[in-house]
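# Descriptive structure summary
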Amino acid sequence: MPAHAEGLRVLLYTNFNKATLVEDLTGRWTGLQFSTAVHGGFKECHLEIPMTPHAAWEWLSSERRAGYHFYHLEISQDKRVVWEGRLLDVELRVDQEFYGIAADAFGYWSACRDRYYDPADAGNTDWTVGGPHAASKIIKELLTKSCPDVNSDQNGVEANSADAVGIDLTDRAYPQDIIVDKIAPLSDTDDSRWYFAIWEDRKPFWKKRAVNAVDWYVWMKDTQLLRVTQEGKHLRNYILPRVGTAEGTGTLDADSTANYPRRELLLILPAGISSTVANDARDAAIADKRKPTLSQGFSIGGRVYSSRAAPNIGTAAEGAMVERPKWWVRAGDVMRIQDLVPASIASPALDALRTVYVVETNYDAAEDVLTVQPDRAQNRLDVLLPRLE
């Protein structure tokens, strides 16, 4: 194990209650990578562990035993959980240089694809009547009814203000797909973007994208493969919402069309929502898409710093620049490349250049390299969502 990763503990339990420790893998791995994303939270972990044939056989399913599939994998530093999830894929690998197990685990976001949800099932809510039905209320029921592996503590699911009464969710679907495809695009009355994540102790969070403070600072000398790529191909400055099969009222961003060609987008929204909710979703979409966006990720091989006190970041006093382990950075944080032009910014703001909202991270423990995907994930399904088909 590299010296920089000596503080990381890697433990495997039979389940998320952690009553029985099966393996202490600390210091035994030769390869370790873990990632975070929004939507999602803890995303994927890849682990390679040399071991004897007999020990490797215990990990695999056979006629006589179930193997270690769906066991709880936890990576921690002191009392801080760095990553946790369920072991899903186990590979016995034998070659001239390696004999052992290569395993892939996925965060508990993957548990939102275990069971279907349908409002017509007994005990579920008919969202087309009554109300008000905020997006957060719908999410809480999805988790309660169809995601038993997700913690029942829903205090991190923050309330939305928009009323989604009338929304048609009658097609049986996974909660993961409902949240991302039907709930998240609805936004709120302030054109804000909302993201769902499952973090420590399997607790769910539904939060507005906030950029009121910078969580992490990095300098160009500490980056590797820094490429600042602003994409124009996804720019859209006229958006027409379509609710079910009915087209709503489109809107044009005049500031954008003054500088760029008119580029249109048909925004598909779930049937049944009101025109007010549809227009809020439209306005949020055009606020996101009216300018070229920062799409290229970058890697950090040097140091990262924090200057604020927060539960996820540490206990440093506000304003004190403190070096932190790279694996503390996660999706949903705000990062600034401090010495990249422009030279100074009075307050935090997403500028698609220097101050970015992190949507995905991947930490390679063997190489001690953190890869950050800013602002918007690449347009590949496996990057946008860890959806397990």
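Structure's up top.
Quick look at the structure, then. Counting from 1, residues in each chain are numbered in the order their sequence is written. Given that the model is predicted, a residue must reach a pLDDT of at least 70 before its local features are reported, and side-chain atom pairs must reach 80 or more before they are shown or counted; all residues, however, enter totals for whole chains, interfaces and linings. With hydrogens and water excluded, all non-hydrogen atoms of the structure serve as input to the side-chain values.

## Considerations on the overall build of the protein chain
Segments assigned H or I by DSSP are reported as helices when at least four residues long, segments assigned E as strands when at least two residues long, and all are numbered from the N terminus. Looking only at helices and strands, one finds six helices and 23 strands in the protein chain. Each residue gets one of three labels from its accessible area relative to the maximum for its type: buried under 20%, exposed over 50%, partly exposed in between, using a 1.4 Å probe on protein chains only. Of all 389 residues assigned to the protein chain, the portion counted as buried reaches 52%. Contacts are residue-level and defined by heavy atoms, with any inter-residue pair within 4.5 Å sufficient. Contacts in the protein chain between residues at least 24 apart in sequence constitute 66% of all its contacts with a sequence separation of at least 6. If you sum the accessible surface of the protein chain, you get close to 17,600 Å²; carbon and sulfur atoms cover 48% of it. Accessible surface is estimated by sampling points in the Shrake-Rupley manner with a 1.4 Å probe; for residues, cover comes only from the protein chains shown.

## Remarks on helix 2 (residues 135-146)
Given a helix with a known number of residues, its expected span is that number minus one, times 1.5 Å. Along its twelve residues, helix 2 runs 16 Å from first to last C-alpha, staying within 8% of the 16 Å computed at 1.5 Å per residue. Residues of helix 2 that are buried include every one of Ala-135, Ser-136, Ile-138, Ile-139, Glu-141, Leu-142, Leu-143 and Ser-146, and no others. Here the buried face of helix 2 lies against helix 3 (175-183), strand 8 (194-198) and strand 9 (204-208).

## Some thoughts on a nonpolar patch on the surface
Residues form patches when they are more than 30% accessible in relative terms and have no salt bridge. Like charges link within 9 Å. Nonpolar side chains (Val, Leu, Ile, Met, Phe, Trp, Tyr) link within 5 Å. The salt bridge definition used is simple: a Lys or Arg side-chain nitrogen within 4 Å of an Asp or Glu carboxyl oxygen. Side chains of Leu-92, Val-94 and Tyr-99 sit close together on the surface and give an oily, nonpolar patch of about 250 Å² of accessible area. Structurally, the position occupied by Leu-92 is in strand 6 (residues 80-94). Among the residues examined, Leu-92 registers a relative accessible area of 38% and is labelled partly exposed.

## Description of the nonpolar core
Buried residues of nine kinds, namely Ala, Val, Leu, Ile, Met, Phe, Trp, Tyr and Cys, make up a nonpolar core once their side-chain atoms join them within 4.5 Å. Counting residues in each nonpolar core, the largest one holds 57 residues, and the members touching the most others are Leu-8, Leu-32, Phe-34, Trp-59, Leu-73, Ile-75 and Met-335. Setting aside residues up to four positions removed in sequence, Phe-34 forms contacts with Leu-8, Glu-44, Cys-45, Ile-75, Val-82, Trp-83, Trp-327, Thr-361, Asn-362 and Tyr-363. Counting 39 residues, the second largest nonpolar core, distinct from the first, contains Trp-127, Leu-142, Ile-273 and Ala-285.

## Concerning the packing of helix 2 against helix 3
Running from N to C, helix 2 and helix 3 point in directions that differ by 170°, and their axes come no closer than 10 Å. Classified by the angle their axes make, helix 2 and helix 3 are roughly antiparallel. For helix 2 against helix 3, the interelement crossing comes out right-handed. Taken together, the residues of helix 3 that come into contact with helix 2 (itself represented by Ala-135, Ile-138, Ile-139, Leu-142 and Ser-146) are Pro-175, Ile-178, Ile-179 and Ile-183. Gly is put with the polar residues, along with every residue not named as nonpolar or charged; the nonpolar set is Ala, Val, Leu, Ile, Met, Phe, Trp, Tyr, Cys and Pro, and the charged set is Asp, Glu, Lys and Arg. Of the residues belonging to the contact of helix 2 with helix 3, the class tally is eight nonpolar, one polar and no charged. Axes, fitted as lines to C-alpha atoms, cover a helix only where it is in contact. Angles between the N-to-C directions of the axes lie from 0 to 180 degrees. When an angle is under 35 degrees it counts as roughly parallel; over 145 it counts as roughly antiparallel; between 65 and 115 it counts as roughly perpendicular; any other value is oblique. With the far helix as reference, a near helix turned anticlockwise by less than a right angle produces a left-handed crossing, and one turned clockwise produces a right-handed crossing.

## Considering the state of the cysteines
Throughout this description, disulfide means a covalent bond between two cysteine sulfur atoms. What counts as a disulfide here is a pair of cysteine sulfur atoms lying within 2.5 Å. The full count for this structure, using the stated rule, is zero disulfides. Free of any disulfide, Cys-147 has its nearest neighbouring cysteine sulfur in Cys-112, separated by 3.7 Å. The exposure class of Cys-147 is buried, given its relative accessible area of 1%.

## Some thoughts on the pairing of strand 1 (residues 9-13)
Strand 1 sits mainly inside the fold: four of its five residues count as buried. A pair of strands is considered paired only if DSSP assigns at least 2 bridges between the two. In terms of strand pairing, strand 1 meets strand 5 (residues 72-77) through five bridges, oriented antiparallel. Bridging from a neighbouring strand, Val-10 pairs with Ile-75 of strand 5. Where strand 1 lies against strand 2 (residues 21-24), three bridges are found, and the strand directions are antiparallel. Note on strand 2: the bridge partner recorded for Leu-12 is Glu-23.

## Focus on helix 3
Helix 3 sits mainly inside the fold: seven of its nine residues count as buried. Those residues of helix 3 that sit buried are Pro-175, Gln-176, Asp-177, Ile-178, Ile-179, Val-180 and Ile-183. Where the residues of helix 3 are buried, they touch helix 2, strand 8 and strand 9.

## A look at the pattern of salt bridges
Evaluation of the coordinates by the stated rule reveals 24 salt bridges. Here Asp-24 ties to Arg-9 by a salt bridge, and the two come within 3.9 Å at their closest N and O atoms. Here Asp-24 is found in strand 2, whereas its partner Arg-9 is found in strand 1, with 15 residues between them in sequence. Arg-9 gets classed as partly exposed once you look at its relative accessible area, which sits at 40%. In this structure, the salt-bridge partner of Asp-149 is Arg-86, at a minimum N-O distance of 3.1 Å. Note that Asp-149 is positioned in the loop between helix 2 and helix 3 and Arg-86 in strand 6, a separation of 63 residues in sequence. Residue Arg-86 is classed as buried on the basis of its relative accessible area of 3%. Connected through salt bridges with shared partners, the residues Glu-48, Glu-91 and Arg-93 form a single ionic network.

## Overview of the packing of aromatic side chains
Aromatic ring pairs are described here by two measures, namely the spacing of the ring centres and the angle between the planes. Centre distance within 6.5 Å is the pairing criterion for rings of Phe, Tyr and Trp, where only the six-membered ring of Trp is used; planes under 30 degrees apart are then read as stacked, over 60 as edge-to-face, and the remainder as tilted. Applying the stated rule across the entire model yields twelve aromatic pairs. For the ring pair Trp-59 and Tyr-68, a centre distance of 5.1 Å and an interplane angle of 50° mean the geometry is tilted. When its relative accessible area of 1% is taken as the criterion, Trp-59 is described as buried. Exposure remark for Tyr-68: the relative accessible area of 7% places this residue in the buried category. Measuring from ring centre to ring centre gives 5.3 Å for Trp-109 and Phe-196, while their planes differ by 40°; the resulting arrangement is tilted. Taken together, the residues Trp-109 in the loop between strand 7 (99-106) and helix 2 and Phe-196 in strand 8 connect sequence positions 87 residues apart. Each member of the pair, Trp-109 as well as Phe-196, is classed as buried. Each member of the aromatic cluster is reached from another via a ring pair, and the members are Phe-34, Trp-327 and Tyr-363. Directly above the ring of Trp-199 sits Arg-330, whose terminal nitrogen or CZ lies 4.2 Å from the centroid. Here, a charge over a ring is recorded when the distance from Lys NZ or Arg CZ to the ring centre is within 6 Å and its angle to the ring normal is within 35 degrees.

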